Each structure stands twice: as structure tokens, then as C-alpha cells.
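# Structural characterization, general
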Amino acid sequence: MKSGFVAILGRPNAGKSTLLNALTGEKVAIVSAKPQTTRNRVAGVVEVAARKGVHPAAQIVFVDTPGVHKPGSHLDRRMLQEVYAALETRDLVLVLMDATRRVQLEAAVGVESQVSKARPFDKLRAGSGAPELSDGPDAPKRERTNWASEDEFLFGLIRKLDCPVFLLLTKIDLVPKDQLLPLIDTLTRQFNFAEIIPVSARKRDGLDILVRKIVDTLPSGERYYPKDQYTDQPQRFMVAELIRESILVETGEEVPYASAVVIERFEEPPVFVPRKKGAVPARLPLTRIAAAIYCERDGQKAILIGKGGAKLKEIGTGARRNIESLLGTRVYLELHVIVEPNWRESKSFVESLDWRNQLERLGVEPSTEQAAEEEK
Ligand SMILES: Nc1nc2c(ncn2[C@@H]2O[C@H](COP(=O)(O)OP(=O)(O)OP(=O)(O)O)[C@@H](O)[C@H]2O)c(=O)[nH]1
Ligand SMILES: [Mg+2]
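Residues numbered from 1 in each chain as written. Chains lettered and ligands numbered in written order. Predicted model: local features only at pLDDT ≥ 70, side-chain atom pairs only at ≥ 80, totals over all residues.

### As for the packing of helix H9 (residues 235-250) against helix H11 (residues 310-327)
One way to put it is that H9 packs onto H11 with a least axis distance of 8 Å and a crossing angle of 140°. On the basis of the axis angle, H9 is oblique to H11. Note that H9 runs across H11; the crossing there is right-handed. Across the interface between the two elements, Gln235, Met238, Val239, Leu242, Ile243, Ser246, Ile247, Val249 and Glu250 from H9 touch Lys311, Glu314, Ile315, Gly318, Ala319, Asn322, Ile323, Leu326 and Leu327 from H11. Within the contact of H9 with H11, the residues separate by chemical class into 11 nonpolar, 4 polar and 3 charged. (Axes fitted to C-alpha atoms, helices over the stretch in contact; angles between N-to-C directions. Helix = DSSP H or I, 4+ residues; strand = E, 2+ residues; numbered from the N terminus. Parallel < 35°, antiparallel > 145°, perpendicular 65-115°, else oblique. Left-handed = near helix turned anticlockwise from the far one by under 90°. Contact = placed C-beta atoms within 7 Å. Nonpolar A, V, L, I, M, F, W, Y, C, P; charged D, E, K, R; others polar.)

### Focus on the sheet that holds strand E8 (residues 286-295)
Pairing in this open sheet of 3 strands is mixed, and the strands run E7-E8-E9 from one edge to the other. Every interior strand has two partners, whereas the edge strands, strand E7 (260-267) and strand E9 (330-339), have only one. On average, each strand axis in the sheet is inclined to that of its neighbour by 20°, with strand direction left out of account. With 7 bridges joining them, E7 and E8 adopt antiparallel strand pairing. When the sheet's bridge partners are listed, Ala260 is paired in E8 with Tyr294. Along the sheet, H9 contacts E7 and E8; its crossing angle with E7, the most-contacted strand, is approximately 135°. Lying on the sheet, H11 is in contact with E8 and E9; it crosses E9 at an angle near 135°. (Pairing = 2+ DSSP bridges.)

Right, here's the structure in full:
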């Protein structure tokens, strides 16, 4: 059997989390049209059956990461650290590039001339901590900065890696085929990628070939996770993420970027004991969840709550549906909003949001697989 860790890297909005979900067939990571949706690294585990004469059975642990961008706040620096952490444990790296964005960039200026003018980010080393870069604190503004130089920042990260790197051109369902070939040609000259694979996570285009090439590359080894485990995240954290996803959908401007979600209460339903053999409960059991939504200013709190609480209700309704399908129970969800001024700049607050730190505080040991991995 083969097994290994595959880090998924890319700029914000490249389609990393969508790909992770398509590969695992589960909603492992939240997705939105807004950049910087993912804040923590999360694993999605894929079991690949053996194909006679093609490849042996494999377990691939995909690790989704936050989009690489120039850090403005402490939260941004923490997100970049999550990228470095994913790069520390990897057998293979997938670099995702949004094909639609690259086509636009090429049409606008010509990739190569832009890259040659870019700042020398390649001095950065994975594991060397956050780079000294500054940019505006707000994501929308950051998106307008020089695309090519931020791509170069990403190239700087991968240039130091001693493992194979695959380039994945994503969202190809949105790009005419005749525009893809020149793009692949340009990118081939930019970096020595082991493979360049065009994919569409939405249409599942290119995913089979991707999985096959990954299995070819992975070393022989045993499973890192039990066969039926599809993620390393605790359910509580996934619930918090689903609430954050609903905030991303329901609010605009800086509100989603200034929002964080913490689960305060998570009461699982009592175990159903059937009186008669084979009896099922009349209604699905109920999970009671209370969560705090943190934001930075009173104005943001007012937006999150909305007129007469209407917005908070919409956020709750949107999240509840997804939480119910995650947990397989009915869910009673209670949300409230707390202002924590400037929390994105607070090291201790940002650290406290990380579920790995939360587990440590609760005195829960990470799973043995994780512990073994962390010791490596
Ligand atoms: N048409 C199309 N859209 C896609 C595809 N993959 C992702 N998207 C869309 O692209 C947007 C960003 O997707 P995400 O998966 O959240 O991107 P990400 O790279 O994880 O973004 P961050 O977490 O912000 O770094 C979403 O609106 C997705 O629906 C694809 O294959 N085709
Ligand atoms: Mg993401």
C-alpha cells in the first residue's frame, strides 16, 4: 500500500477547498466566492482502491491551506504559518492556479514581463516564519495589488521544496480550451513542475488522472488515519466553520473578514435506547449548540444582527441546514454577537481560535495518528 501527505497550496480563491471537497466527496472545508475563506489547515483523507496492473491501494491525506497572500494583520501571519506547517509534513505539493485569473493576467500584461519586475520573494524559506511584508489590512484592497508579484511570492515558497510539485490549473470549466495551451506553455517555463494538470473540481474534470499521478508519486507506507475517517477536524470546529461560511454568504464588505466563530455549548442528544428491538425514534434527535460570533466594531455587530435580528436569523438558518446534514440530527442553534476590538491583531485571541489549541485547553489528546505525525 502507499500513503502520504499532499499539501494543497495557492493564492486565495484558487479553488483549494473546492478541490479538497471534490476529492474526498465530503464537505471537509468551507467554500466561498470571497478570498481568504480558509484560515486553518485541514486534512481530507482519501482512500484509493488498488487497480490491478495500474497501482496499489493508497491513502492520500490532502491538507488544504489558507490562500497565500501578503500578511497585513496578525491573523494573516497566523494563516501563513498554517501554510508553513502544512509544508513541513508533505510528500507532494499541489500548487493551484485559477486558470481564469491567469488568462486575464496574461491578456493584460504578459506574465513573464510582470514576473521579472516582481519583488524577490524567493529569499523566503518555508519554516522561517512570516515574511516582513506589508499591505493594507483589508482583503478587498489586497486583491487589487499586483497579482504577478503575489504569484511570485508563492513561487518563492515552493522553490525551496525538495519534494515533487504538481501545478493544477483550476476552474477550467470557465476557460476556452484554446486559451489553456499557451498558459501551460508559459507556466512550464516558469518552474520545473513534475506535472501540470488542468482540472475542474466543479465538473470533476481531471480528478481521476490527478489521483493516479499522486498515487504513482507517493511512497509505500501504512495508513495515517483509520479507513473510515475523512478529516482530522473535530465536529465542533466543523460546526463553527459552517457558521462562518454562512456569515461569508450573508454579509459583505469587511464583515466576514472581521468575524470569527467560537462554539460555546455543544450538547449531543442522549443515546436512543429502543424499547423494542429494531425500534427507531419518532423524530431525529436534537443537538443543542450555542455559538459566539466575534467582530471588531459596533457597526459590524449591527450588520451581523440586522433589523430586528433578521440577519442573524438568516445566518443561523443557512448554517443550521449544513450542520444538520453534518451531524445527522436536528439542530437547535443559538447565536450571539460579541465585539472584541481589533481581535485580528491580538496574538492570544487569534491563537485561541485554533482548534488544535482549543483541544489542548480541553485536555483532549489529538488522535494517535496526529500525535505520531507531529513527533516526526
Ligand atoms: N466554475 C468553477 N468554480 C470553482 C471551481 N473551483 C472553485 N470554484 C469557485 O471558486 C471560489 C473559491 O473557491 P474556494 O474553494 O473557496 O477557494 P480557496 O482556494 O479555498 O480560497 P481561500 O480559502 O480563500 O484561499 C468559489 O466560489 C468556488 O465555487 C471550479 O472548478 N469551477
Ligand atoms: Mg479555502
